[in-house]
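Chain by chain, the residues run as shown.
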Amino acid sequence: MADLLIYFKRPSSWGQTINVYYWDTYPSSNSVSWPGVPMTAEADDWYSYRLSGVDRVRFIFNDGQGQQTRDLQREGDGWYLNNKWYDRHPDTPITPLVVHFKRPTSWQKTVNIYYWDTSPTSPTLEWPGVPMTAEGNDWYGYHFPEVETAKIIFNDGSGKQTDNLSRNREGWFLKDNWYDQNPQRPAIPVITAMPKGATYQESQRVTLSSDNEDDAIYYTTDGTTPSVQSNLYEQPILIETNTTLRCIGRNALGEMGAIFEFIYTIDPNADFRKPTITASEDSGNYQEAIAPRFTITDPRETPIIAYYTNDGTEPTTHSNIYVQGNAINGLTGPKMLLDTTTNVRFLIIDGADNETYADFYYSVGSQIEPRDFREETIYFLITTRFYDGDPSNNFFCRDRIKFNAAGEAEDPHWRGDFKGLIQKLDYIKDLGFTAIWITPPIENRSGLDYHGYHGYDWTKIDPRLESPDATYQDLINEAHARGIKIIQDVVVNHSCQYGIRGKVWIDHLPIKYFVPQGSQQGQVNYGPYQGNLGNYQNEFKEDNDNPVAPDWFKERQTSDAEGVVPLVDPLTGETVPKEGYNPNRFFGIDANNLDPEWYHQDGFMAGGDWENVSIQTKHMAGDTIDLATRRDNVKDYLINAICQYLDMGVDALRIDTVKHVERNNLLEYINAWKAHKPGLFVFGENLVKGTGWGDLFGDDNAPSFLRPWWYTRLGDDPKDPNSGGDSGFSVLDFSLFSTFRDNVSRGSFNGIGAILANDWVYGDATTLVTFLQNHDVGPDNDFRFRFQGETEWAAATYNLLWTIRGIPCLYFGEEIEFMKGKPQDIIGNDDTLDETGRAYYGPHLEKDTIQTTQSHPLYQHIQRLNLIRSRIPALQKGAMSQVNEWGNAMSFVREDAGSNSYVAVGLTIGSDQQITINNVKNGTYSDAVTGKKIEVNSNTLSFMVQANSAGIYVLNGEGKIGENGGYLT
């Protein structure tokens, strides 16, 4: 609660001691006896008293000698003089209020302002008020006489009006929002030069640009100070010799910006060639200890210094020196004995200050045996939402913190961790899964970054996931010890809004200086964020430690934890902290001024962009900034970063937001990783809500080159899948999933046969990853909600996914209908994760609950399906044929010639069905579900299947696999 401060002006006839007697406080406080408590004497016969933690009070001022006021009441600070309250000291000069309003195009051109409840009080107006003054560009202004605050309605006198508004300082009202500055006024000019000032070997043509298209730019090339009398920039400037280019801009209002200086050095002999490093032992997997040596070569006879680390940290000039000297003929350092999994990282600097970073990854020790990934089944989980093994690394994101009834913050988004996952690997193994897909484990930055898709440093594991005894390497090793593979989620197309640590900076102000409208610095009270929104776990409350930030920003990374030392925004010249100062300067980005070496500059996506090629160069959101994935520096960074995890033992990769990267460009990344780790399985997410065939069959409104199948092929004809072969890259089967809203969620298989009939479109349909639910989408309510159909229909759907072509994937919690029917992700502005499909799963895995979890009929159903699939190679890798679907049932044949495995399958949903499959091979069939044997002599197999169950008849099969459950009988 805020304190209540009241002032009283002593009348000349009163005694010198002034008391305040008070009662009926809110919140309730201790009572006082008459005549109350003495007030503090201020200057000029004013007296004051502060009531701590009180919002409202009733009271009487008195002098203890018979002089007193009437009963008074006050909410908020106030000054009492001559029987009248004032909201500020009565002698304080009034600063008249000025307001501006942008006329909507549908309004009449006469705009009025109607106001009331002013301070100081002013005469009452008649509706519709008084006319405002036109200021140009459809802006209208009004200067109040002797009024500081007012309630306001803008109107055109003809029926158009705003809501009731209020204002206590000059402001501009545009589209339902107040602004402290004209949001449409031209910005203070900020000059950008391309190419930027640097050393070049040849002449450069420099292009200058400013924030506003109509800014005038003046420049000098002789080092003198530019002014409006200097050269006016009209065309690119030719720089042929060493030149200091100085520029200043003037906007349409005549406002001048700061002076910007760009220094160009033209040196034909400049050394831009970086040193190179090679290793005697390539990065990779080794059974026994190794002792690699590293050789540095530099094309010039200048001394080099090679710094290194072997603990995974980034090397700096303070790290250990591996070798130094002249490297023109190659300079080899000492052997480095490695007997455990190690990441050796180098920073090499030559005499021209060229820097080379290099990473070598050695996985030493036994490795999991490689095999065809179609033999696996996948358990997908959000690491931070699965199980919390180490509460000490939990973290409250600054967005969407939930408070309990006692007002205490709870349910941190960063909750689960590697330690918890390691502790529950046996749970996943008991379910029968052989691979775990985890969300991106790299270091993240965002207001809500618990899920890993806001990458900040691809070369580091987020410390909020690890514990001293449970690192990422420990997770990989523990999973491999149980025969479980690790699939790492990878984001290629975007970074977070802070750029990439050590590589590229995105302009922001430090968040600790953000003061929301209506608040004051130091008064933010948001869970653990006390005082301001800066990272509460950081000594200096800084969540942006990017070392390539400008000096003015870096200085605040290690100082001013409270965010109170004034900081000038170099973009606008304004000083923060400042209440309500433009939130975009803290949380948004200027898409037009991103570094083109790392980012696209085509703005943000809008509605139609999701089905348009612009999806590949526009930013999805303010915290997902689209990377320039074709640039070599971006490719080198991302490819090398992920290679380190492959060398640690990661078994497969899942690629996020596939259609946001052009296919051939994406395959450059995928093929590099597959070359680094032969046999690597890679699949991706190309989200569609529909059949997803693109240009092929007339049932899709987007081009094929954005659709899932296109990425699985190598051809160049978007209307002919057979124009190219298999790309070696697979995708999540969104085409099949998109039917589930209208069939399995309603107890039917209707339409699934039509999808399977088009399997020929894909490079290899047997490698598709199939699913009923995932973290983004579910099969209900326009694909936004977890499955809410009958439990037996879910069981029938799993029968389908575990027997048709593809690799089945289960989203954590499906095995017990976790959060059934809930939205998969937050929808409303105030929603929290505990009410969504991303809720924390841990309570179901505790010692006193896990037995109940494992006794759920769907848990046991999936457990048996995994067992059956693992014993029948045709269900893993076999091609499908003879597909027949009739709503309540479907049948098909799968054959894997390599393992001589042949199986006929009948599936039902909703009712018992007689299944007949023609043109099957003759021989003895055994049902893996019931153990029933059928002899086929006439190429026709017929059998009965109970509702929501399956008949899985294996030619020369072993018989019944597993025990009967609720849905496989």
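What you see is a predicted model, and the numbers here were worked out from it, not measured in a lab.

(A) Molecular detail of the overall build of the chain. Helix and strand counts for the chain stand at 15 helices and 64 strands. Projected onto its principal axes, the C-alpha positions of the chain cover 120 × 75 × 60 Å. Per-residue burial for the chain yields a buried fraction of 54% across its 969 residues. In the chain, the proportion of contacts linking residues at least 24 apart, taken out of those at least 6 apart, comes to 67%. About 41,200 Å² of surface is accessible on the chain, with carbon and sulfur atoms providing 45% of the total.

(B) Focus on helix α12 (residues 791-801). For α12, the buried fraction is high: nine of the 11 residues fall into the buried class. Among the residues making up α12, those that are buried are Thr791, Ala794, Ala795, Ala796, Thr797, Tyr798, Asn799, Leu800 and Leu801.

(C) Quick look at the environment of Asp626. Residue placement: Asp626 occurs in strand β51 (residues 625-626). Given a relative accessible area of 1%, Asp626 falls into the buried group. Taking the C-alpha atoms as reference, Asp626 lies 40 Å from Gln229; in sequence the two are 397 residues apart. Among all residues touching Asp626, those that are not within four sequence positions of it are Asn493, His494, Trp598, Tyr599, His600, Gln616, Thr617, Lys618 and His619. Of the polar contacts made by the side chain of Asp626, one reaches the side chain of Asn493; its length is 3.1 Å.

(D) Highlighting the nonpolar core. Counting residues in each nonpolar core, the largest one holds 167 residues, and the members touching the most others are Tyr379, Phe386, Tyr472, Trp673 and Ile952. Broken down by element, this core gets its largest block of residues, 10 residues, from helix α7 (residues 632-648). When neighbours within four sequence positions are excluded, Phe386 is seen to be in contact with Tyr379, Leu381, Leu421, Lys424, Tyr427, Ile428, Phe812, Tyr840, Tyr841, Gly842 and Leu845. One finds Ala279, Phe346, Ile348 and Phe360 within the second-largest nonpolar core, a separate group that totals 22 residues.

(E) Geometry of the pattern of salt bridges. Tallying each qualifying case throughout the model produces 58 salt bridges. Salt-bridge contacts for Lys9 lead to Asp44; the nearest nitrogen and oxygen are separated by 3.3 Å. On the criterion of sequence distance, the pair formed by Lys9 in strand β1 (residues 4-9) and Asp44 in the loop between β4 (40-41) and β5 (46-51) is long-range, its members being 35 residues apart. Residue classification places Lys9 among the partly exposed residues on the basis of a relative accessible area of 21%. Given a relative accessible area of 53%, Asp44 falls into the exposed group. Its salt-bridge partner being Asp656, residue Arg654 comes within 3.1 Å of it at the nearest N-O pair. You'll find Arg654 and Asp656 in the same group, each marked buried.

(F) Main features of the sheet that holds strand β32 (residues 331-332). Pairing is antiparallel in the open sheet, where three strands are placed in the order β27-β29-β32. Taken across any chain shown, the strands that pair with only one partner, and hence form the sheet edges, are β27 (276-279) and β32. Where β27 meets strand β29 (residues 294-297), four bridges bridge the pair, whose relative direction is antiparallel. Directly across from Ala279, in β29, lies its bridge partner Phe294.

(G) Fine view of the sheet that holds strand β12 (residues 130-131). An order of β12-β11-β15-β16 is seen for the four strands of this open sheet, with the pairing classed as antiparallel. Two strands bound the open sheet, and with one partner strand each, they are β12 and β16 (165-167). Note: strand β11 (residues 112-119) against strand β15 (residues 149-155), six bridges, orientation antiparallel. Pairing of Ile113 across the sheet is with Phe154, part of β15.

(H) Unusual backbone geometry, seen in detail. Note that the residue after Trp34, namely Pro35, is joined by a cis bond; omega there is 15°. Structurally, Pro35 can be placed in the loop between β2 (19-26) and β3 (37-38). Pro577 follows Val576 through a cis peptide bond whose omega is 5°. Here Pro577 shows up in the loop between β49 (575-576) and β50 (578-579).

(I) Looking closely at the packing of aromatic side chains. One pass over the structure, following the stated rule, counts 73 aromatic pairs. Judged by centre distance (5.1 Å) and plane angle (40°), the rings of Phe101 and Trp107 are tilted. The buried category is assigned to Phe101, whose relative accessible area is 3%. With a relative accessible area of 10%, Trp107 lands in the buried category. In this arrangement the basic side chain of Lys503 is found over the ring face of Tyr357, its NZ or CZ atom lying 4.9 Å from the centre. The ring of Phe812 has Arg786 sitting right over it, with the charged end atom 5.9 Å from the ring centre.

(J) Region of interest: the side chain of Lys659. Inspection of the secondary structure puts Lys659 in the loop between β52 (652-655) and α8 (663-676). No salt bridge is formed by the buried Lys659, whose closest oppositely charged neighbour, Glu611, lies at an N-O distance of 4.3 Å. Setting aside its immediate chain neighbours within four residues, Lys659 contacts Trp610, Glu611, Ile615, Gln616, Glu685, Asn686, Leu687, Leu706, Arg707 and Tyr711.

(K) Fine view of helix α4 (residues 472-481). Those residues of α4 that sit buried are Tyr472, Gln473, Leu475, Ile476, Ala479 and His480. Projected down its long axis, α4 shows its buried positions confined to an angular sector of 160°, all on one face. Here the buried face of α4 lies against α2 (418-423), α3 (425-431), β38 (435-438), β40 (455-461), β41 (485-490) and α7. Residue Gly483 follows α4 closely and has a positive phi angle near 75°.

Rules of the game
Residues numbered from 1 in each chain as written. Predicted model: local features only at pLDDT ≥ 70, side-chain atom pairs only at ≥ 80, totals over all residues. Heavy atoms only, no water. Helix = DSSP H or I, 4+ residues; strand = E, 2+ residues; numbered from the N terminus. Buried < 20%, exposed > 50% of the residue type's maximum accessible area, 1.4 Å probe, protein only. Contact = heavy atoms within 4.5 Å. Areas by Shrake-Rupley, 256 points an atom, 1.4 Å probe, with all protein chains shown as cover. Polar contact = N/O pair within 3.5 Å; in protein donor to acceptor, adjacent residues only side chain to side chain. Core = buried A, V, L, I, M, F, W, Y, C linked by side-chain atoms within 4.5 Å. Salt bridge = Lys/Arg side-chain N within 4 Å of Asp/Glu carboxyl O. Pairing = 2+ DSSP bridges. Phe/Tyr/Trp six-rings, centres within 6.5 Å; stacked < 30°, edge-to-face > 60°. Lys NZ or Arg CZ within 6 Å of the ring centre and 35° of its normal. Lys, Arg positive; Asp, Glu negative; His and termini not counted. Arc of directions from axis to C-beta.

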